[in-house]
Amino acid sequence: MATVELRFSAQPEHVRTARLVAAAVARRAGVDEAVLDEVRLAVGEACSRAVGLHRSHGITAPVRVVLTEDEKNFSIEVGDGVTGTGGGGPGGAASDAPEGASSGDLYDGDAEGEDEMGLAVISGLVDDVEVTTGDDGGVIRMSWPTTTAVTLS
């Protein structure tokens, strides 16, 4: 299993770099070329969301992006430093449901509407997405099958 970790300060201009890195690693991992635009868009949306949350909550910690390649899929985790008590299941987890992940318990004010929209866009782009929040902050996990996994199935 190969992993690439990227950390960047919560500045909008760094989102483009994260998108480019994600697309390059996804291509190398064997994600189908037709899906690379979706990877770029989803990562851009998740990173923009994390940057917005960091800025609106005054968090100075970097945004975390972890790209992982294994035998059957390629996954990306985008983490923010905003802790919350909402969510769905144990540990504040909400799976495959942007509505549960962006409840009023997690984020306040105008940022909540933008958060809901960003999560809706991500869930429209990615079939396998999970949004969680805990003591270390929120994480959006997205994954795509690699071409080797598709041909082996």
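Criteria and cut-off values
Residues numbered from 1 in each chain as written. Predicted model: local features only at pLDDT ≥ 70, side-chain atom pairs only at ≥ 80, totals over all residues. Heavy atoms only, no water. Buried < 20%, exposed > 50% of the residue type's maximum accessible area, 1.4 Å probe, protein only. Helix = DSSP H or I, 4+ residues; strand = E, 2+ residues; numbered from the N terminus. Pairing = 2+ DSSP bridges. Lys, Arg positive; Asp, Glu negative; His and termini not counted. Salt bridge = Lys/Arg side-chain N within 4 Å of Asp/Glu carboxyl O. Contact = heavy atoms within 4.5 Å. Axes fitted to C-alpha atoms, helices over the stretch in contact; angles between N-to-C directions. Left-handed = near helix turned anticlockwise from the far one by under 90°. Nonpolar A, V, L, I, M, F, W, Y, C, P; charged D, E, K, R; others polar. Core = buried A, V, L, I, M, F, W, Y, C linked by side-chain atoms within 4.5 Å. pLDDT = per-residue confidence, 0-100. Patch = residues over 30% accessible without salt bridge, like charges linked within 9 Å, V, L, I, M, F, W, Y side chains within 5 Å. Areas by Shrake-Rupley, 256 points an atom, 1.4 Å probe, with all protein chains shown as cover. Charge placed at Lys NZ, Arg CZ, Asp CG, Glu CD. Polar contact = N/O pair within 3.5 Å; in protein donor to acceptor, adjacent residues only side chain to side chain. Expected span 1.5 Å × (residues − 1).

Caption draft 1: Quick look at the pairing of strand β5 (residues 128–134). Of all 7 residues making up β5, 5 are buried, and the element is well covered by its neighbours. Between the end of β5 and the start of strand β6 (residues 137–145), which pair antiparallel, lie 2 residues.

Caption draft 2: Examining the side chain of R64 more closely. Mapped onto the fold, R64 is located in strand β2 (residues 63–69). One buried charged residue, R64, remains without a salt bridge, the closest side chain of opposite sign being E5 at 6.0 Å. With near-sequence residues (within four places) excluded, R64 lies in contact with L6, R7, E77, V78, G79, D80, D136, G138 and V139.

Caption draft 3: Geometry of the pattern of salt bridges. On inspection of all chains with the given rule, the structure shows 6 salt bridges. We note a salt bridge from E33 to R27, for which the minimum N-O separation is 3.1 Å. Measuring nitrogen to oxygen at the nearest pair gives 3.1 Å for the salt bridge that ties E77 to R141. Taken as a pair, E77 in strand β3 (residues 73–79) and R141 in strand β6 lie far apart in primary sequence, 64 residues in all.

Caption draft 4: Layout of the packing of helix α1 (residues 15–29) against helix α2 (residues 36–57). Two numbers describe how α1 lies on α2: the axes approach to 9 Å, and their chain directions differ by 145°. In terms of crossing hand, the pair formed by α1 and α2 is right-handed. Contact residues: α1 offers V15, A18, R19, A22, A23, A26 and R27, while α2 offers L36, V39, R40, V43, G44, C47, S48 and V51. Partitioned by chemical class, the residues of the contact of α1 with α2 number 10 nonpolar, 2 polar and 3 charged.

Caption draft 5: Representation of the nonpolar core within the structure. Judged by nonpolar contacts, the single largest core of 33 residues is most densely connected at F74, I76, V78 and M142. Once you skip the residues sitting within four places of it in the chain, M142 turns out to touch A42, V43, A46, F74, S75, I76, V78, I122, V126, D128 and V129.

Caption draft 6: Region of interest: the environment of L125. Topologically, L125 is positioned in helix α4 (residues 110–125). Separated by 88 residues in the primary sequence, L125 and D37 have C-alpha atoms spaced 9.5 Å apart. With residues up to four places along the chain from it excluded, the contact list for L125 reads E38, L41 and A42.

Caption draft 7: Structural detail: the confidence of the model for the chain. Summing up the model confidence of the chain, the mean pLDDT is 82 and the portion of residues at 70 or higher is 76%. Within the chain, strand β4 (residues 93–95) has the poorest average pLDDT of any element, 40, and β2 the best, 97. A low-confidence stretch, residues 85–109 (pLDDT under 50), is modelled with 54 contacts involving residues beyond four sequence positions or located in other chains.

Caption draft 8: Broad picture of a negative patch on the surface. A contiguous patch of negative charge, built from E38, D127, D128 and E130, is present on the exposed surface. Along the chain, D127 falls in the loop between α4 and β5.

Caption draft 9: Main features of the environment of H57. As for its position among the elements, H57 is in helix α2. Sequence spacing of H57 and G81 is 24 residues, and the spatial spacing of their C-alpha atoms is 9.1 Å. At 3.1 Å, the side chain of H57 and the side chain of S56 are in polar contact.

Caption draft 10: How the structure looks around α2. For α2, built from 22 residues, the straight-helix expectation of 32 Å at 1.5 Å per residue is met to within 8% by its first-to-last C-alpha distance of 31 Å. Along α2, the residues classified as buried are L36, V39, A42, V43, G44, A46, C47, R49, A50, V51, L53 and H54. Once α2 finishes, G58 follows within two positions and takes phi at roughly 65°, a positive value.

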